[in-house]
Amino acid sequence: MMNHLNEQLLKLHYILPLSWQKFQKLMTILEDFDKMLHVSPKILALHLKIKEEKAIQLLRHYKELLPNSITSYYEQENIHAIPYTSQFYPERLKQLYDAPAVLYAKGDIQLLNKSKIIAVIGSRGATSYSEEVLKMLIPPLIDEQFIIVSGLAKGADRLAHEATIGYGGKTIGVLGHGLFHHYPKENIELSKHMASEHLLVTEYPPYVGVQKWHFPARNRIISGLSEALIVTEAALKSGTLITTELALEQGKEVFAVPGNIFSEHSRGTNKLIKEGAIPVWNGFQILQELQMFSKYR
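The shown structure was predicted, so the numbers you read here are calculated from the model rather than taken from an experiment. (Residues numbered from 1 in each chain as written. Predicted model: local features only at pLDDT ≥ 70, side-chain atom pairs only at ≥ 80, totals over all residues. Heavy atoms only, no water.)

Now for the overall build of the protein chain. Assigned secondary structure in the protein chain consists of 12 helices and nine strands. With the C-alpha coordinates aligned to their principal axes, the bounding extent of the protein chain is approximately 60 × 35 × 35 Å. Residues counted as buried form 54% of the 297 residues belonging to the protein chain. Nonlocal contacts in the protein chain, meaning residues at least 24 apart in sequence, comprise 73% of its contacts between residues at least 6 apart. (Helix = DSSP H or I, 4+ residues; strand = E, 2+ residues; numbered from the N terminus. Buried < 20%, exposed > 50% of the residue type's maximum accessible area, 1.4 Å probe, protein only. Contact = heavy atoms within 4.5 Å.)

Here's what the structure looks like:
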């Protein structure tokens, strides 16, 4: 029964990638998603909070997909499709009020449910300062079997993934697009390596391309998967600070690296410290702080 529900959910999500919260609303009127075909587009639109025209398209496409196995399709593409109802879906993400209904992954999905996951993020225009800082932060964390998660963007994200790989650790890249796409172009080789030896994960079906608004949305997954967040460099107005706000809302510890007061890329991190983030300059401090808060095992 659960496998049948997973298959239905994957088909629905392929057509219309909504959050689990919205699919739950649909489940209040349907025990079986296939019965949706007997529901009027108007009622469907009302429960999913979409336009009636979109509901009509959803019904049509769902009917077209019915004879096919979408699970087999993803297997052929070496994609792990993990619906909310799956045993492999990470417990930490279930704490999000708008948890993804499905996660799409390439690589080692066992990494998703490890207890020791920490996010390392920062400016897309990160300087050599971030690179040097990561040499002090990453090795002690890897020695204690921490998985490093970041967003596979330019700058600090890329540096975090590369440092983790270089020091023999495991890393997760959270994408803001589907797995059939690569972004940014300069990270293509890194992305391929991570899909093979580490893990790439996204809430978007494989065909979905890059959209600006996807990146702030994917940040909740970066912080959601992690037990704490480290910021290396950040400007005063940046997506990095949005991620830290999400982490704080989720009750996560936030660590920030102090920086040169004249550097634009350190103004955000220095401000975070002023507002209560824990200043750090080596990985051992982070381990000690996590022990203090009884989060580190």
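Tracing the chain through its elements places T28 in the loop between α2 (20-27) and α3 (41-48). A sequence separation of 203 residues divides T28 from V231, and the C-alpha atoms of the two residues are 41 Å apart.

Bringing the packing of aromatic side chains into the picture now. By the definition in use, this model includes eight aromatic pairs. Ring geometry for W20 and Y84: centres 4.5 Å apart, planes at 10°, overall stacked. Note that W20 is positioned in helix α2 and Y84 in the loop between β1 (80-83) and β2 (102-107), a separation of 64 residues in sequence. Here the two residues W20 and Y84 agree in accessibility, since each one is buried. Measuring from ring centre to ring centre gives 5.7 Å for Y183 and F215, while their planes differ by 45°; the resulting arrangement is tilted. Here F215 lies in helix α9 (residues 214-225) and Y183 lies in the loop between β5 (171-174) and α8 (188-197), a separation of 32 residues in the sequence. With relative accessibility at 35%, the residue Y183 sits in the partly exposed group. Here F215 falls in the buried class, since its relative accessible area comes to 12%. Members of the aromatic cluster, each reached through a chain of ring pairs, are Y14, Y73, Y74, Y104 and Y207. Its guanidinium or amino end placed over the ring of Y84, K94 lies 5.1 Å from that ring's centre, counting from NZ or CZ. (Phe/Tyr/Trp six-rings, centres within 6.5 Å; stacked < 30°, edge-to-face > 60°. Lys NZ or Arg CZ within 6 Å of the ring centre and 35° of its normal.)

On to the pattern of salt bridges, then. For the structure on display, the rule yields 10 salt bridges. In this structure, K271 engages E275 in a salt bridge whose closest nitrogen and oxygen atoms are separated by 2.6 Å. Within the structure, one salt-bridge network assembled from shared partners comprises D98, E203 and R220. (Salt bridge = Lys/Arg side-chain N within 4 Å of Asp/Glu carboxyl O.)

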